[in-house]
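Examination of the molecular architecture
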Amino acid sequence: MSRNTIIALSVIILAVVVFTVVGRTLTRDSTHSAARANFDSHDASAAEGATAAGADVPADTRDVFISAKSARPAPALVKNVPWINSDPLTLEGLRGRVVLVDFWTFSCYNCRNTLPTLKRFDASYRERGLTIIGVQTPEFDSEKQVETVRGQVRTLGIKYPVVLDNDYVTWRAYGVQAWPTVVILDKQGRIRYTHIGEGAYDMQEKIIKTLLAEGEKQSAGVSQDAYKGEKIVKTEAEWRALLNAEQYRVMRDKGTERAFTGAYNDHHENGVYHCAACDLVLFNSKAKFESGTGWPSFFQPVAAANVTEEVDSAYGMKRTEVLCSRCGAHLGHVFDDGPPPTGLRYCMNSVALKFNRQS
Ligand SMILES: [Zn+2]
């Protein structure tokens, strides 16, 4: 063989090798799995930690639209960690909204490929009741600094809330094993769809639309005032300046007004009751009933989204506290000894409410 032939052959062989390697990379599946990360990661322990305790997402619930009847409640989001683009969110606070949870990390190639679609979903459906939450789950230590993540979120043009899940709390709770994983929750906070990897965007959009429409018919006219906006956050000093002493004691210090003393205990006009702190509409007089307890009582709020319920174990009693979803004010408690149609008794403090007459 001549020298030129050898060179030509070498070039061809090199081209074949390069083509094979590149081709394999491109056809590699669309996820970035923690198992694989063990091989190329500088920080295999973190990646191992990410999978060790995880109950894997059951295979039969992947890529399937799960009916409301067989859907299970979604695990809570990680608490007491930094949020970007938002105050801390809870799933209870997001009741009434469709929630798309995206498990990602900013340096994952496959995750980045999904971002244009997620950003489009956010722009198109946020006003209509969709909240996207990016759960930034790091693979490397360099992905754990909040300032680094904040910079990446800004550079990538992400406007939706992002939470740092550095200890894999949410990742494990959801049984996630690979980046990216998308989980879509309905308005009641139940998991209705899971997809692992890139793609399936049309399916995801269809499910978002379906879930946004769910429940609209049944609640028409009742939940037209369903609260979908941002929370109001103020310092205690600001609340003190805004509320009178009794309102502050009840709404911020979770006090209770004396029975039979409130303005709305024996009050029978037609209208709506608003939060005395932030004016969010809470109860309609049509849902008010005589409980004989000495406090204004309702069998349902105007919309489930407008009140937030939390277990309250103060004074050795297990009660469910009712809070305003917009400003977090304590309103009262809810008990399950109410009348039909709900069987619930929302026992409210008059001082936490403000009445607006309607004809
Ligand atoms: Zn309020």
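Preceding block: the structure.
Residues numbered from 1 in each chain as written. Predicted model: local features only at pLDDT ≥ 70, side-chain atom pairs only at ≥ 80, totals over all residues.

Backbone torsion omega between Trp179 and Pro180 reads -10°, so that peptide bond is classified as cis. The residue Pro180 is located in the loop between β7 (178–179) and β8 (181–185) in this model. Omega for the peptide link from Pro340 to Pro341 comes to 5°, which places this bond in the cis form. Relative to the helices and strands, Pro341 is located in the loop between β16 (330–335) and β17 (345–348). Non-glycine residue Asn85 carries a positive phi angle of around 70°. Following the sequence through the fold, Asn85 ends up in the loop between β3 (83–84) and β4 (98–104). Positive phi, normally seen in glycine, also occurs at Ala200, with a value near 60°. One can find Ala200 in the loop between β9 (190–196) and α7 (201–213). (Helix = DSSP H or I, 4+ residues; strand = E, 2+ residues; numbered from the N terminus.)

On to α7, then. The terminal C-alpha atoms of α7, which comprises 13 residues, lie 18 Å apart, in line with the 18 Å expected from a rise of 1.5 Å per residue. Taken residue by residue, α7 has Ile207, Ile208 and Leu211 as its buried positions. Projected onto a plane normal to the axis of α7, the buried residues spread over an arc of 105° and lie on a single side. Turned more than 90 degrees from where α7 packs its buried face, Asp202 and Ala213 sit exposed. Just past α7, the residue Gly215 takes up positive phi, approximately 85°. (Expected span 1.5 Å × (residues − 1). Buried ≥ 20, exposed ≤ 12 C-beta atoms within 10 Å, placed from the backbone. Arc of directions from axis to C-beta.)

Before going further, it helps to spend a moment on the sheet that holds strand β10 (residues 271–275). Strand order in the open sheet formed by three strands is β11-β10-β18, with antiparallel pairing between adjacent strands. The strands lining the two open edges of the sheet, one partner per strand, are β11 (281–284) and β18 (353–357). Taken pair by pair, the neighbouring strands of this sheet meet at an average axis angle of 30°, ignoring direction. (Pairing = 2+ DSSP bridges. Axes fitted to C-alpha atoms, helices over the stretch in contact; angles between N-to-C directions.)

A few words now on the nonpolar core. Core analysis: the largest hydrophobic core is formed by 41 residues, its most contacted members being Val99, Leu100, Val101, Ile184 and Leu185. The set of elements that each furnish at least two residues to this core consists of β4, α4 (109–125), β5 (130–136), β6 (162–164), β7, β8, β9 and α7. By residue number, the principal contributor to this core is β4, which donates six residues. When near neighbours in sequence (up to four residues on either side) are disregarded, Ile184 contacts Leu100, Arg192, Tyr193, Gln204, Ile207, Ile208 and Leu211. (Core = buried A, V, L, I, M, F, W, Y, C linked by C-beta atoms within 7 Å. Contact = placed C-beta atoms within 7 Å.)

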